[in-house]
Amino acid sequence: MDDNTLVVQTIGMMPEDRVWLDLTGRPISDAARVEERFHRVNHDRMELTVTINDPKMYSKPWIAMNKFPMRLEDPHRDVMEVYCSPSEMEKYDKLFANPTSAPDGDSPGR
């Protein structure tokens, strides 16, 4: 958008019962468009604004997050991956995070 703002637009999300927008269970359809605006306020601070536009589920676009503050972290900090659906999380847990869940004592990932 400009020198201090990055705009990310996402389309083509899964229209499945197992996918939702947040922990409260707001639904999403295949017509959803999510716009994320990352605005750099200064060297150590950014703000994130997220707008949801899903005409199949909602009567008008709405702001899910408005100017959420983000700060510069330690460069050695490990960033965790975030999963979109419970089925992806369950698959990860079975393969990697919880080796005791492997069937019949098999090694994870086999």
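Residues numbered from 1 in each chain as written. Predicted model: local features only at pLDDT ≥ 70, side-chain atom pairs only at ≥ 80, totals over all residues. Heavy atoms only, no water.

Draft legend 1. Just the pattern of salt bridges, in detail. The full count for this structure, using the stated rule, is six salt bridges. Across the pair arginine 37 and glutamate 35 runs a salt bridge whose closest N-O atoms are separated by 2.8 Å. For arginine 37, a relative accessible area of 28% puts it in the partly exposed group. Residues participating in the shared-partner salt-bridge network are Arg71, Glu73 and Arg77. (Salt bridge = Lys/Arg side-chain N within 4 Å of Asp/Glu carboxyl O. Buried < 20%, exposed > 50% of the residue type's maximum accessible area, 1.4 Å probe, protein only.)

Draft legend 2. Looking closely at the sheet that holds strand β3 (residues 45-53). The strand order across the open sheet built from four strands is β1-β2-β3-β4, with neighbouring strands paired in antiparallel fashion. With one partner strand each, in any of the chains shown, β1 (5-11) and β4 (62-71) form the two edges of the open sheet. Strand-to-strand twist of the sheet, defined as the mean angle between neighbouring strand axes without regard to direction, takes the value 15°. Pairing between β1 and strand β2 (residues 33-42): seven bridges, direction antiparallel. By the bridge assignment for β2, leucine 6 is matched with phenylalanine 38. (Pairing = 2+ DSSP bridges. Helix = DSSP H or I, 4+ residues; strand = E, 2+ residues; numbered from the N terminus. Axes fitted to C-alpha atoms, helices over the stretch in contact; angles between N-to-C directions.)

Functional significance is not addressed by these values, which are geometric in nature.
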